[in-house]
Amino acid sequence: MTAVINPGSRPMANAIRALAMDAVEKAKSGHPGMPMGMADAATVLFTKFLKFDPKWPQWPDRDRFVLSAGHGSMLQYALLYLSGYEKISLENIKNFRQLHSHTPGHPEIDVASGIETTTGPLGQGIATAVGMALAERHLNARFGDSLVDHHTYVIASDGDLMEGISHEACALAGHLKLSRLIVLYDDNGISIDGETSLSFGEDTTKRFEAYGWDVQSIDGHDPAAVETAISAALKTTTPSLIRCKTVIGFGAPTKAGKESCHGSPLGAEEIAGARAALGWSAGPFEIPDDILSQWRSAGARNQSVAVAWKQRYDAQGAGLREALEGDAARMDAPVIAALKEKFRAEKPVLATRAASGKVLESLIPAIPELVGGSADLTGSVNTRVKGMETLDAGNYAGRYIHYGVREHGMAAMMNGMALHGGIIPYSGTFLQFADYCRPAIRLSALMRQRVVYVMTHDSIGLGEDGPTHQPVEHLASLRAMPNLNVFRPCDPIEAAECWEIALGTAHTPSVLSLSRQNLPFVREAPEAGNLCAKGGYVLKDCAGAPRVVLIATGSEIAIALEAQGLLEKEGIPARVVSMPCLDLFAAQPEEYRASVLGPAEARLVVIEAGIRQGWDGILGASGAFIGMTGFGDSAPAPALYAHFGITAAAVLEALNKA
């Protein structure tokens, strides 16, 4: 399939095509086809609709643009350069996909460059955009039209709509009637393997209409049709999908409409033919002055709008400013301190999921930016507190989101809310289902976003539901992820401290791994500061130098304390160390870590109802591990702990074998 082209009829769009062809060719890698196919639609969007100001990229009331089809990154880089974003220079375009350029292979979040989110893993962008659109509606409900009044636009591909996460997020977007969300679907019918008909046969229009979206189908190469469609989408009361029928590689003489232009350079001969077909006579990386001037004028058209908004913000925006700053540490420190005193006085015996819920009862009234939810497990994960209103289509001011059984979509939407700003998102599910969330959690970490994942039922301690629901490898798997703090508190005091750290860490997401079963209260002695902030600390010491150091997390702290008592009866001094966050402990100075782990001759024992992986850096060659070596089983929790040998007696047995 080839396109019928009227040379010279689309010079602004052809500037995008030329830059995409040239950059991919110079890099000898990349995806030229999608930018060439969507150049017309993107030109209309950026020059006539998108509210942005390249001189103020962080303008809080800008429209958000998400290139969900992140493989077509040269489309976004070309748009940003042409529009006048200083950080995306022509030199950066020439260094596409090179080390330390501002133009990596897939877009990576850099708001100063006009890039709102990291995309590339298909489906993540469109799902993240749903969270952005929801954040806009929530903040609009809080602060009004004069301060929060913008849209979220997405360019999505066939691959985005094939991914299951698009179903989760888009179905919820329709349910929530997020009318400020407009998706331009690059309906080019081509994937890496060939025509999408090989594997993609559903009726996309009927699918999205069933979600409650407005759907239009247009010729994506007809600028007037694109303009009419976006204008109509701005007037709907539902999210909008605009099916832009396009030709991948538009203008390429022999590769247009074929998979051969999806993910490979076109080659010099094909580029020369495309230039001729498009009527583009400028050389590589050259944009004629008149065309660049048109683009820069389009990029500057909202400057007066931004100035007027800034005046309103300075006069009326104290509350919004505080929300966008997101300084939770300032607000939660006195709350956590008071809560710890209360817990210490009452000494409650609680599951840490219930303790987390108690912490939220104090945090939610104190921090209005906290917006919570769960994947249809509210009563089990304790993420909703009394008086917390539901955030839905009838009440965007609510602060609790019912995501339904959509863990992956939930996680990506939380990324979108965090990226948008003004919201600190948290939501809950079972730790076992962290695997359903994992691609979005990875992006939380990669993008350095403060997202809090409340994950309960964190071990064989959940009992009778059996191995399908009992996490075994999940702690190790999550701890392996860079820039992710995994917390496993042992009692209400630690739960409060872990929440304090999670909310006070602005550039790192957190997982709170919490028990289903009740645990004893162990942090009875008063202390200054947040002990969990160091990742690990001496919970209960012995008289003199320890011969054994028992290291445990969460529900296994009780076992460590029992084992300490048994060892003392045998005349063996033992220390108990609580290690709620391995990453934070690893970040401490060597002197501190050595002071906690004891003298070199002390025998180290780790007790955790998970697999050993990740602990050897602490245990060394001579340390012992009391935990799981395989999957769990179905039985009451006490029976399972006995069956799998995670007991105080097993600790002594392991030491006696040494």
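What about the sheet that holds strand 1 (residues 64-67)?
- Strands sit in the order 1-2-3-7-6 across an open sheet of 5 strands; the sheet is parallel. Of all the strands in the sheet, the pair left with one neighbour each is strand 1 and strand 6 (214-219). On average, each strand axis in the sheet is inclined to that of its neighbour by 20°, with strand direction left out of account.
- Where strand 1 lies against strand 2 (residues 152-157), 4 bridges are found, and the strand directions are parallel.

With respect to the nonpolar core
- By size, the foremost hydrophobic cluster in this structure holds 81 residues, and its most contacted members are Trp499 and Leu550.
- If sequence neighbours within four positions are ignored, tryptophan 499 has contacts with Ser356, Val359, Leu360, Leu363, Tyr426, Val452, Val454 and Leu512.
- One finds Trp59, Ala133, Ala173 and Leu419 within the second-largest nonpolar core, a separate group that totals 71 residues.

Some points on the environment of methionine 481
- Within the element layout of this structure, methionine 481 appears in the loop between helix 19 (474-479) and strand 12 (485-487).
- Separated by 39 residues in the primary sequence, methionine 481 and arginine 442 have C-alpha atoms spaced 7.2 Å apart.
- Excluding its chain neighbours within four sequence positions, the residues that come into contact with methionine 481 are Arg438, Ile441, Arg442 and Ala445.

Observations concerning the pattern of salt bridges
- Under the definition given, this model contains 31 salt bridges.
- Here lysine 55 and glutamate 86 are joined by a salt bridge, their closest N and O atoms 3.6 Å apart. Within this pair, whereas lysine 55 is found in the loop between helix 2 (33-49) and strand 1, its partner glutamate 86 is found in the loop between helix 3 (73-83) and helix 4 (90-94), the two being separated by 31 residues in sequence. Residues lysine 55 and glutamate 86 agree in their burial class; the two are exposed.
- In this structure, the salt-bridge partner of aspartate 541 is arginine 575, at a minimum N-O distance of 2.9 Å. Note that aspartate 541 is positioned in the loop between strand 14 (537-540) and strand 15 (548-552) and arginine 575 in strand 16 (residues 574-578), a separation of 34 residues in sequence.
- A relative accessible area of 37% places aspartate 541 in the partly exposed class.

A few points about the packing of aromatic side chains
- In this structure the tally under the stated criterion is 13 aromatic pairs.
- Over the face of the ring belonging to tyrosine 313 we find arginine 321, whose NZ or CZ atom lies 4.5 Å from the ring centre.
- The ring of tyrosine 592 has lysine 534 sitting right over it, with the charged end atom 4.9 Å from the ring centre.

Here's the deal with the layout of surface pockets
- Its boundaries defined by the atoms lining it, the largest pocket holds a volume of some 840 Å³.
- Taken together, 31 residues make up the lining of the largest pocket; nearest its centre are Ile109, Val111, Ala418, Leu419 and Gln449.
- Elements with a contribution of two residues or more to the lining of the largest pocket: helix 13 (318-325), helix 17 (407-420) and helix 18 (434-447).
- Its residues placed into classes, the lining of the largest pocket shows 14 nonpolar, 10 polar and 7 charged.
- Here the second largest pocket defines a volume of roughly 260 Å³.
- Along its surface, the second largest pocket is lined by 18 residues, and His71, Leu122, Gly159, Ser191 and His262 are the ones closest to its centre.
- If you list the elements that add at least two residues to the lining of the second largest pocket, you get helix 6 (158-162) and strand 4 (190-191).

Thoughts on unusual backbone geometry
- Of note in this structure, arginine 97 is not a glycine but carries a positive phi near 70°.
- The residue arginine 97 is located in the loop between helix 4 and helix 5 (124-143) in this model.

Section: the environment of proline 482
- Relative to the helices and strands, proline 482 is located in the loop between helix 19 and strand 12.
- Take proline 482: its relative accessible area is 63%, and that puts it in the exposed class.
- With 360 residues separating them along the chain, proline 482 and leucine 122 place their C-alpha atoms 21 Å apart.

Things to note about the pairing of strand 6
- Strand direction decides the pairing type here: strand 6 and strand 7 (residues 240-245), joined by 6 bridges, are parallel. From the neighbouring strand, aspartate 219 faces strand 7, where its bridge partner is lysine 245.

Re empty space enclosed by the protein
- Applying the stated criterion to the full structure yields 3 cavities of 30 Å³ or more.
- Approximately 100 Å³ is the volume found for the largest cavity.
- Around the largest cavity sit 13 residues that line it, and Leu50, Phe65, Tyr85, Gly114 and Glu116 are the ones nearest its centre.
- Partitioning the lining of the largest cavity into residue classes produces 8 nonpolar, 2 polar and 3 charged.
- Considered as a void within the structure, the second largest cavity measures approximately 50 Å³ in volume.
- Here the lining of the second largest cavity is composed, by residue class, of 6 nonpolar, 2 polar and 1 charged.

What counts, and at which threshold
- Residues numbered from 1 in each chain as written.
- Predicted model: local features only at pLDDT ≥ 70, side-chain atom pairs only at ≥ 80, totals over all residues.
- Heavy atoms only, no water.
- Pairing = 2+ DSSP bridges.
- Helix = DSSP H or I, 4+ residues; strand = E, 2+ residues; numbered from the N terminus.
- Axes fitted to C-alpha atoms, helices over the stretch in contact; angles between N-to-C directions.
- Core = buried A, V, L, I, M, F, W, Y, C linked by side-chain atoms within 4.5 Å.
- Buried < 20%, exposed > 50% of the residue type's maximum accessible area, 1.4 Å probe, protein only.
- Contact = heavy atoms within 4.5 Å.
- Salt bridge = Lys/Arg side-chain N within 4 Å of Asp/Glu carboxyl O.
- Phe/Tyr/Trp six-rings, centres within 6.5 Å; stacked < 30°, edge-to-face > 60°.
- Lys NZ or Arg CZ within 6 Å of the ring centre and 35° of its normal.
- 1 Å grid on protein atoms, 1.4 Å probe; cavity = no way out; pocket = protein on both sides within 12 Å on 5 of 7 lines; lining within 4 Å.
- Points joined across faces, edges and corners; volume = space filled by probe spheres on them.
- Nonpolar A, V, L, I, M, F, W, Y, C, P; charged D, E, K, R; others polar.

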